[in-house]
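Close look at the chain arrangement
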Amino acid sequence: MLKLFGLTGGIGSGKSTIAAMIREQGIPVIDADAVAREVVLPGQPALAEIAAAWPEVIAADGTLDRKRLAEIVFADKAAQARLEAITHPRIRARIAEQAARLAEAGHALAFLEAPLLVESGVHRELDGLLVVAASEATQVARVMARDRGSRESVLLRLAAQLPLADKIRVADHVLENDGSLAEARARLAEILRALTSTT
């Protein structure tokens, strides 16, 4: 019986780094962002529906112009809802297929990595939730270094997200990730021991 745990955090909290560490332990991680990109590839039904709704977001080579689509849906709640109605059921179905394949392969534990697990309410459908947390100062420093953006632009992005405290409130496990990689690895090992002892 596969247990599927959520893995989430705020920008710059180190979620992707922790996901890589989990994979190093031989535990599968389903990447929700990668699945979201797969369902809108050329030839997929979702892309045909998006093209019918917003022809201007299809590039000359037939692929989705994600930047153009983002500009439309972020400015229009109705458009965002329409896009979610097209993509979300397909993303969920594909994640369920991947989880079923992992269960068939004999895995007892896997993670679903997604930035909006709590915002979407999907965390309630999982077997638990691991939140990767970091102080605002650490988040800002990491995102500035990664994206070469200004402090102000990073703070705006943080302000637009669900506060990390709200994610921590519904977490089964919290990995404080302000320190070194070695410290993060040690804390993760503790959490994985706790999870594998109950799977």
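A few points on the structure.

1. Topic: the environment of A189
With respect to the element layout, A189 can be found in helix α10 (residues 181-196). Judged by its relative accessible area of 29%, A189 is partly exposed. Expressed as a C-alpha distance, the spacing of A189 and L83, which sit 106 residues apart in the sequence, is 38 Å.

2. Section: the packing of helix α1 (residues 15-24) against α10
Where α1 contacts α10, the two axes come as close as 11 Å, and the packing angle between them is 55°. The angle between α1 and α10 places the two elements in the oblique class. Between α1 and α10 lies a crossing whose hand is right-handed. Counting all contacts with α1, which are made through T17, I18, M21, I22 and E24, the residues of α10 involved are L181, A184, R185 and L188. When the residues that make up the contact of α1 with α10 are grouped by side-chain class, the tally is six nonpolar, one polar and two charged.

3. A look at the nonpolar core
Membership of the largest hydrophobic core comes to 37 residues, with the highest contact counts inside it found for I30, I50, W54, L69 and L112. Of all elements in the fold, only α2 (32-38), α3 (45-53), α4 (66-74), α5 (77-104), β3 (109-113), α6 (117-120) and β4 (128-133) reach the threshold of two or more residues within this core. For this core, the element with the highest residue contribution is α5, accounting for seven residues. Setting aside residues up to four positions removed in sequence, L112 forms contacts with L4, F5, G6, L7, I30, A32, I95, L117, V122 and L126. Membership of the second largest hydrophobic core comes to 18 residues, among which are I18, I27, F111 and L192.

Calculation notes
Residues numbered from 1 in each chain as written. Predicted model: local features only at pLDDT ≥ 70, side-chain atom pairs only at ≥ 80, totals over all residues. Heavy atoms only, no water. Helix = DSSP H or I, 4+ residues; strand = E, 2+ residues; numbered from the N terminus. Buried < 20%, exposed > 50% of the residue type's maximum accessible area, 1.4 Å probe, protein only. Axes fitted to C-alpha atoms, helices over the stretch in contact; angles between N-to-C directions. Parallel < 35°, antiparallel > 145°, perpendicular 65-115°, else oblique. Left-handed = near helix turned anticlockwise from the far one by under 90°. Contact = heavy atoms within 4.5 Å. Nonpolar A, V, L, I, M, F, W, Y, C, P; charged D, E, K, R; others polar. Core = buried A, V, L, I, M, F, W, Y, C linked by side-chain atoms within 4.5 Å.

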